[in-house]
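# A structural walkthrough
Read off the chains here:
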Amino acid sequence: MNEVLYLVVPAFNEKEVLDDCIKTLTNILDKMISESLVSSESKILFVDDGSKDNTWQIIKDANKENKYVKGISLSRNEGHQKALVAGLFKAFDDNADISISIDADLQDDPNAIIEMVKEYHKGFDVVYGVRSSRKKDSFLKKFTAEAYYKFLKLMGVELIFNHADFRLLSKKALKCLRMYDERNLFLRGIIPQIGFNSTKVYYERLERKAGKSKYNLKKMFTLANDGITSFSLKPLQFIKFLSYIFLLGGLLSLIFCPIFVGFRYFDLSIIISVIVFVTGVLLYCLGTIGNYLGKNYIETKRRPLYFIKEDLDEEK
Ligand code: UDP
Ligand code: MG
C-alpha cells in the first residue's frame, strides 16, 4: 500500500521514555511496511511541547539516525491538546494519508496501531482507540475519569467512553479538523462531531513506561472544564432552572412560614444562613456565566494557537 502514515507523538519532559518510544514505534512501522500496510515514506512526528529537559535533543539526534523520525518544537509549553493539534496539522500540511496520535509514554498499546490501520483499509476514516480496562490506573484516576465521561454524557456531550486521544484519522477527517478554528480545544469532543465512518479498536491501558504523569491537577481541571463548556450549554440552562426553584421556594415560604411558624421565622440566625446560602448560589451562577464569557473573550481574540520554534524539516 502507498498510504503515508504519520504517528503524531506529543512529548513534554519525556526524556526517560523517549528512547524506548522511538524503538517501539520504529519496530511497528518496520512491521507495517514489510506487510505492505503503509508506505515506506511513513513517519514518526514528535512534537516537543516546550520541554525543559533534553527531550528536544533526543528527538534531534534520532532525526539524524532514524529515517522515520521528524520533529517540531513549540515555542513554549502549550499543553497536550495544542501539541497534538500542532502535530496533526503538520501531518496534514505534509500530505499524510493517515495520522495516528499516541502518547510518548506508551501507555496506549502501540500494537493497536496495526489494528487501526487495518480498520482504515476496510474503509473507516476515524478509528478510536478504546481502553478495554484500566486495571493499571490508580483507583482515583479510574474513578474520576469514568465519572467524568458519565457527567459529560449527562451534559449532552457526545463522547466515546474510555477513549482519550489515541486515534486514527484519515486525510479526509483531518481536513475537516483543520477547519475548526477554536482556541479551547477538546479533541475528543470535536472528532465525533466530524462524522464519517468510524470504528473502535480495544486495547489494554498499560502503566507509564517511565517518568511521571505530565498532567497535573490544574491541566486536568482545564481539560475537564473545556470538555463541558466547549460543547454544552446545559450549565447555563441549569441556572435558569435553579432560579425557578428559588423563586417558587421563596414565594411559598413567604406565604406559609408566617402562618405556621409565626414571627419566630424571622429569627436572625435563620436569616443569616439563608443569606449566606443564597449568596453562594448566586456567586456560583455568576461564576458559571463568567466561565462562558471568559471563553468567548478568548475565542474572539483569535490569537494564534501555538508557535513552532524549530522544525527539523527546515534544517535539512
Ligand atoms: N503532554 C504534552 N504537554 C503537556 C502535558 C503532557 O505534550 O503539557 C504529553 C505527554 O508528554 C504525553 C501525553 O501528553 O505524551 C500524555 O501525558 P501523560 O502521559 O503525562 O498523561 P496521563 O497519561 O497521565 O493522563
Ligand atoms: Mg500517560
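For every chain, the first residue of its written sequence is number 1, and the numbers climb from 1 along that sequence. Each chain gets a letter, beginning with A, and each ligand a number, beginning with 1, in the order they are written. Totals for whole chains, interfaces and linings use every residue, but because this is a predicted model, local features are given only for residues with pLDDT of at least 70 and side-chain atom pairs only at 80 or more, for both listing and counting. Think of the side-chain values as coming from all heavy atoms in the structure, minus any hydrogens and water.

Protein coordination at the magnesium ion (ligand 2): the donors are Asp105 (OD) and Gln107 (OE1), at 1.9 to 2.0 Å from the metal. Residue aspartate 105 shares its accessibility class with glutamine 107, and that shared class is buried. Metal donors: N, O and S atoms at distances within 2.8 Å, or within 3.2 Å for Na, K and Ca, with water omitted from the atom set so that some sites may seem incomplete. Accessibility here uses a 1.4 Å probe with only protein chains present; expressed as a share of the type maximum, an area under 20% marks a residue as buried, one over 50% as exposed, and anything in between as partly exposed.

Turning our eyes to something else, we now look at the packing of aromatic side chains. For Phe, Tyr and Trp, where Trp contributes only its six-membered ring, two rings pair if their centres lie within 6.5 Å, and the inter-plane angle classes them as stacked under 30 degrees, edge-to-face over 60, or tilted in between. Within this structure, the stated rule accounts for four aromatic pairs. Here tyrosine 149 and phenylalanine 161 contribute two aromatic rings whose centre-to-centre distance is 5.6 Å and whose plane-to-plane angle is 70°, an arrangement assigned as edge-to-face. Taken together, the residues tyrosine 149 in helix α5 (residues 139-154) and phenylalanine 161 in the loop between α5 and β6 (163-170) connect sequence positions twelve residues apart. Centroid distance phenylalanine 238 to phenylalanine 241: 5.8 Å. Interplanar angle 35°. Geometry classified as tilted. Linking phenylalanine 238 with phenylalanine 241, this pair stays in helix α9 (residues 234-260), spanning three residues, or about one helical turn. For phenylalanine 238, a relative accessible area of 41% corresponds to the partly exposed category. Judged by relative accessible area, which is 46%, phenylalanine 241 ranks as partly exposed. By the criterion adopted, a ring carries a charge over it if an Arg CZ or a Lys NZ lies within 6 Å of its centre and within 35 degrees of its normal. The ring of phenylalanine 89 carries the charged tip of arginine 178 above its face, separated from the ring centre by 4.3 Å. In DSSP terms, a helix is any run of H or I states spanning at least four residues, a strand is any run of E spanning at least two, and both are numbered starting from the N terminus.

Note on definitions: salt bridges are taken to be side-chain nitrogens of Lys or Arg within 4 Å of carboxyl oxygens of Asp or Glu. Following the criterion strictly, the structure yields 20 salt bridges and no others. Across the salt bridge formed by lysine 70 and aspartate 94, the nearest N and O atoms sit 3.1 Å from each other. In this pair, lysine 70 is assigned in strand β3 (residues 69-74) and aspartate 94 in the loop between α3 (80-93) and β4 (98-101), connecting sequence segments 24 residues apart. Glutamate 78 serves as the salt-bridge partner of arginine 76, at 3.8 Å between the closest nitrogen and oxygen. What makes arginine 76 exposed here is its relative accessible area of 53%. Taking relative accessible area as the criterion, glutamate 78 reaches 17% and is therefore assigned buried. Because the salt bridges share partners, they merge into one network encompassing Lys70, Lys90, Asp94, Asp311 and Asp313.

What follows deals with the pairing of strand β7 (residues 198-204). Side-chain positions along a regular strand alternate between the two faces of the sheet. Alternating residues of β7 divide into Thr199, Val201 and Tyr203, all buried, and Ser198, Lys200, Tyr202 and Glu204, none buried. Should DSSP find at least two bridges between two strands, the strands are regarded as paired. Direction of pairing for strand β5 (residues 126-133) relative to β7: parallel, over a ladder of seven bridges. Residue pairing across strands places valine 130 opposite tyrosine 202, the latter belonging to β7.

The next subject is the packing of α5 against helix α8 (residues 217-229). α8 packs onto α5 with a crossing angle of 15° between their chain directions and a minimal axis gap of 10 Å. By the angle class used here, α5 and α8 are roughly parallel. Remark: the crossing between α5 and α8 carries right-handed chirality. Each of Lys141, Tyr148, Phe151 and Leu152 in α5 lies in contact with α8, whose residues at this interface are Met220, Leu223, Ala224, Gly227 and Ile228. Any residue that is not Ala, Val, Leu, Ile, Met, Phe, Trp, Tyr, Cys, Pro, Asp, Glu, Lys or Arg is counted as polar, Gly included; the first ten are nonpolar and the last four charged. For the contact of α5 with α8, the per-class residue count stands at seven nonpolar, one polar and one charged. For every element, the axis is a line fit to its C-alpha atoms; helices are fit only across the contacting stretch, and the angle between N-to-C directions ranges from 0 to 180 degrees. Roughly parallel means an angle under 35 degrees; roughly antiparallel means over 145; roughly perpendicular covers 65 to 115; every other angle is labelled oblique. By convention, the crossing between two helices is left-handed when the near helix turns anticlockwise from the far helix through less than a right angle, and right-handed when the turn is clockwise. Contacts are residue-level and defined by heavy atoms, with any inter-residue pair within 4.5 Å sufficient.

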